[in-house]
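Examining the three-dimensional arrangement
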Amino acid sequence: MKLIPGQLTLDQLADIAAGRAALQLDDWRAVDKSAALVAAAAAGDAPVYGVNTGFGKLASTRIAKDQLAALQLNLIRSHAVGVGAPMSPEVVRLMLATKAGSLARGFSGVRREVVQALLDALSAGFVPYVPCQGSVGASGDLAPLAHLTLALMGEGEALVAGKRIPARDELARLELRPLTLAAKEGLALINGTQASAALALHALLRFEGLFATALASGAMTLDAARGSDGPFDARIHEVRGQPGQIEVAGVYRELLAGSAIRASHREGDERVQDPYCLRCQPQVMGACLDQARHAAQVLVREANAVTDNPLVFDDVMISGGNFHAEPVAFAADNLALAIAEVGAIAERRIAMLIDPAISRLPPFLTADAGLHSGFMIAHVTAAALASENKSLAHPASVDSLPTSANQEDHVSMATFAARRLHAMIDNTAHIVAIELLAAAQGIDFLRPLQSSAPVEALHTRLRADCASSPADHYLAPDIERAAALVQAGALKAEHAPGFAQ
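We now turn to the structure provided with this report. None of these values were measured; they are calculated from a predicted model.

So, the overall build of the chain
Each helix and strand in the chain was counted, giving 20 helices and six strands. Over its C-alpha atoms the chain spans a radius of gyration of 26 Å, differing by no more than 12% from the 23 Å that the globule rule assigns to 501 residues. Taken over the C-alpha atoms alone, the chain extends approximately 90 × 50 × 40 Å along its principal axes. Counting only residues that meet the buried cut, the chain has 54% of its 501 residues in that class. Look at the contacts in the chain between residues 6 or more apart in sequence, and 79% of them connect residues 24 or more apart. Surface summary for the chain: the accessible area is close to 20100 Å², and the carbon and sulfur share equals 55%.

Things to note about the environment of Ser-391
Structurally, Ser-391 can be placed in helix α17 (residues 376–392). With 283 residues separating them in the primary sequence, Ser-391 and Ser-108 have C-alpha atoms 39 Å apart.

Here's the deal with the side chain of His-202
Within the secondary structure, His-202 sits in helix α9 (residues 194–224). Setting aside its immediate chain neighbours within four residues, His-202 contacts Ser-88, Glu-90, Val-91, Leu-94 and His-422.

Focus on the nonpolar core
In terms of nonpolar packing, the biggest core is built from 168 residues, with Phe-126, Phe-207 and Phe-211 touching the most fellow members. For this core, the leading source of residues is α9, giving 19 residues. Setting aside anything within four residues of it in sequence, one finds Phe-207 in contact with Ala-292, Leu-335, Ala-338, Ile-339, Val-342, Ile-425 and Phe-499.

Focus: the packing of helix α1 (residues 10–17) against α9
Where α1 meets α9, the axes come as close as 11 Å, and the angle between the chain directions of the two elements is 100°. Here α1 lies roughly perpendicular to α9, going by the angle between them. Listed contacts from α9 to Leu-10, Leu-13, Ala-14 and Ala-17 of α1 are Leu-201, Leu-204 and Leu-205. When its residues are assigned to classes, the contact of α1 with α9 shows seven nonpolar, no polar and no charged.

Topic: the packing of aromatic side chains
Taken as a whole and judged by the stated rule, the model has five aromatic pairs. Between Phe-107 and Phe-313, the aromatic rings sit 5.5 Å apart at their centres with planes inclined by 45°, giving tilted as the arrangement. Of this pair, Phe-107 sits in the loop between α4 (89–103) and α5 (112–124) while Phe-313 sits in strand β5 (residues 311–313), placing them 206 residues apart in sequence. In this structure Phe-107 comes out as partly exposed when scored by relative accessible area, which is 27%. Centroid distance Phe-232 to Tyr-252: 4.9 Å. Interplanar angle 15°. Geometry classified as stacked.

As for a nonpolar patch on the surface
A surface patch of nonpolar side chains, about 230 Å² in accessible area, is lined by Phe-313, Val-316 and Ile-318. Within the fold, Ile-318 resides in strand β6 (residues 316–318). By relative accessible area, which is 43% here, Ile-318 ends up partly exposed.

Topic: unusual backbone geometry
Leaving glycine out, the prevailing phi sign among residues is negative, and the prevailing peptide bond configuration is trans. Here the amide bond leading from Asn-309 into Pro-310 is cis, since omega sits at -5°, within 30 degrees of zero. Note on placement: Pro-310 falls in the loop between α14 (281–303) and β5. Residue Pro-448 follows Arg-447 across a cis peptide bond; omega there is 20°. Summarising the element assignment, Pro-448 is placed in the loop between α18 (414–445) and α19 (453–465). The phi dihedral of Glu-175 is positive, around 60°, even though this residue is not glycine. As for its placement among the helices and strands, Glu-175 is situated in the loop between α7 (167–173) and α8 (185–190). With a phi angle near 75°, Lys-184 is a residue other than glycine that sits in the positive phi range. In this structure, Lys-184 sits in the loop between α7 and α8. By relative accessible area, Lys-184 is classed as buried at 0%.

Observations concerning the pattern of salt bridges
Inspection of every chain in the model, using the stated rule, returns 25 salt bridges. A network of salt bridges, in which partner residues are shared, links Asp-269, Glu-270, Arg-271 and Arg-360.

Things to note about the packing of helix α3 (residues 68–79) against helix α6 (residues 142–152)
Where α3 meets α6, the closest approach of the two axes is 8 Å, and the angle between their N-to-C directions is 120°. For the element pair α3 / α6, the angle class is oblique. The element α3 and its partner α6 pack so that their crossing is left-handed. Note on element contacts: α6 touches α3 through Leu-142, Ala-143, Ala-146, Thr-149 and Leu-150, opposite Ile-76, Arg-77 and His-79. Here the contact of α3 with α6 is composed, by residue class, of five nonpolar, two polar and one charged.

Rules and cut-offs
- Residues numbered from 1 in each chain as written.
- Predicted model: local features only at pLDDT ≥ 70, side-chain atom pairs only at ≥ 80, totals over all residues.
- Heavy atoms only, no water.
- Helix = DSSP H or I, 4+ residues; strand = E, 2+ residues; numbered from the N terminus.
- Rg over C-alpha atoms; globule rule 2.2 N^0.38 Å.
- Buried < 20%, exposed > 50% of the residue type's maximum accessible area, 1.4 Å probe, protein only.
- Contact = heavy atoms within 4.5 Å.
- Areas by Shrake-Rupley, 256 points an atom, 1.4 Å probe, with all protein chains shown as cover.
- Core = buried A, V, L, I, M, F, W, Y, C linked by side-chain atoms within 4.5 Å.
- Axes fitted to C-alpha atoms, helices over the stretch in contact; angles between N-to-C directions.
- Parallel < 35°, antiparallel > 145°, perpendicular 65-115°, else oblique.
- Nonpolar A, V, L, I, M, F, W, Y, C, P; charged D, E, K, R; others polar.
- Phe/Tyr/Trp six-rings, centres within 6.5 Å; stacked < 30°, edge-to-face > 60°.
- Patch = residues over 30% accessible without salt bridge, like charges linked within 9 Å, V, L, I, M, F, W, Y side chains within 5 Å.
- Salt bridge = Lys/Arg side-chain N within 4 Å of Asp/Glu carboxyl O.
- Left-handed = near helix turned anticlockwise from the far one by under 90°.

Geometric descriptors of this kind do not, in isolation, establish any biological role.
Next up, the structure:
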């Protein structure tokens, strides 16, 4: 894939994360021009932050010319202080690609060898070991990016089949030359938002498939509970004018069209209105869609952004603060709300299905309630996960702890804001999996009536891996199998709206 700096799309980022694409840069003029300016600054006598001075609170300390290379090496070694589990290969690939794209725009002052090293690592499948904790999301994602850089230099570690090995050994196996740094290059590599942005982008990509599956599970639940499709009438949503709501209502109409179950209770049904978890699905899921799309806009912009410091413009270097990841933190916090709400309304639909007073199905979706408990405790699991998501959805961006002896006195906490999204997605995937199993059981109780073609196809695919549950049995493996299908996107609505704009 040709790298056009500043023009990576969400689809391209998805391919990069999945390991389906490498990048190639053809035009090096901007890179070479900014590198020449930094080289001239390094050779001169004027103090230039990050070129011939210390960093952060030590910015007033001058560094001798013969120590400039050691300055950059020491910077990387001292900043590689992350802890915790390693970032996934998908996230690391996004870090490599977005850092390369940012530096390739020619405002960072690095030599082409630095950009090429990032591109070569991505192409060769080299995955640096990058611990997921240790960044506050300002002055850049310093610790994660230092671990990434240290591996490229052959001093850190790499991940191979989930195991940590010396990076130098993996570089040799892949015939990659360890990177050596010149003036400013270490700073350019670790300043920036590429770790937090990569974590958030990967979460966004994962959430897109989960969102589409939750639309499908909601449609199946509505039919299992013999709910009404009237609230999905296009006229209702057009007069409100919320774009996500309008699109989502259309998806529900398509999913439920032609259902014999729906036709069976159009006449003589004494119920006037369904509970909100059924009736208000377009309003809730549409709002989540709008939030996700806004986050996608912000994160794609950030994936293409120049976020290190100082920056090189024509014949001058200017210090600023593009490394502050507040846009990423806000986007991640908004995504957290959407992910939590998708799980919250799905949990309410499960609760509705097991309550015979509302669903008019057998209690707890079992034919012999009392002797059998059915989905009673599966719902408890869903409730536990939904409650956990509520805590995780608390905005990370409102917190700040000063660092670097109060030089960096306001930070974004974007890296945690993005990292916690993955736990929330796992929780919500399990909630939706439980809903799918419960809704499928509800459909089973309505046989021989058939649902719509899309819902019946969903039911058939689920039943291929998870059998019907008329009597109690070991249900946890079914939940895990259903969750795996959800995570793989095997049960999503076919024409669900995407997050890219």
